[in-house]
Amino acid sequence: VQLQASGGGLAQAGGSLRLSCAASGRTFSNYVMAWVRQAPGKEREFVAAISWSGTSTRYTDSVKGRFSISRDNAKSTVYLQMNSLKPEDTAVYYCAAGQILRVGVTSYDCWGQGTLVTVSS
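Predicted model only: the values in this text are computed from it and were never measured.

## Digging into the pairing of strand β4 (residues 32-38)
And step 1. When you tally the buried positions in β4, you get 6 out of 7 residues, the bulk of the element.
And step 2. Pairing of β4 with strand β9 (residues 91-98) involves 7 bridges; the strand directions are antiparallel. The residue bridging Val32 from the neighbouring strand is Gly98, located in β9.
And step 3. Strand direction decides the pairing type here: β4 and strand β5 (residues 45-50), joined by 5 bridges, are antiparallel. When the bridges of β5 are listed, Arg37 appears paired with Glu45.
And step 4. Hairpin connection from β4 to β5: 6 residues lie between these consecutive antiparallel strands, with Gly41 at a positive phi of about 75°.

## Examining the nonpolar core
And step 1. By size, the foremost hydrophobic cluster in this structure holds 31 residues, and its most contacted members are Leu3, Trp35, Leu80, Met82 and Tyr93.
And step 2. With sequence-adjacent residues up to four places away left out, Leu3 is seen in contact with Cys21, Ala22, Ala23, Met33, Cys95, Ala96, Ala97, Cys110, Trp111, Gly112 and Gln113.
And step 3. Val32, Phe46, Ala96 and Leu101 belong to the second-largest nonpolar core, a separate cluster that totals 7 residues.

The rules behind the values
Residues numbered from 1 in each chain as written. Predicted model: local features only at pLDDT ≥ 70, side-chain atom pairs only at ≥ 80, totals over all residues. Heavy atoms only, no water. Buried < 20%, exposed > 50% of the residue type's maximum accessible area, 1.4 Å probe, protein only. Helix = DSSP H or I, 4+ residues; strand = E, 2+ residues; numbered from the N terminus. Pairing = 2+ DSSP bridges. Core = buried A, V, L, I, M, F, W, Y, C linked by side-chain atoms within 4.5 Å. Contact = heavy atoms within 4.5 Å.

The following block contains the structure:
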């Protein structure tokens, strides 16, 4: 499956952004989808994941209550709604696909190009 993330940009602390990731090539609804981010000079960090049906989700602790992952299987798209943004959320955000709903980047083996999110203080 091919993945293309979009929606990044510049936001002020406390603001919101919505990322989208469009999938193509294979049956989108067969995949668990995730968002992973990489800040400058740091390793990739799991952010959120959603089951193929959309009924189950996982989040890293630092974004719980602020970020929300969702998907539209009819549009082959996964979203990440980011609210109450903090400067430490600044990173390149990647969407990824896998087979098992888990916390952690190693569970996902298909990656798209990232989209940069910059949060100013």
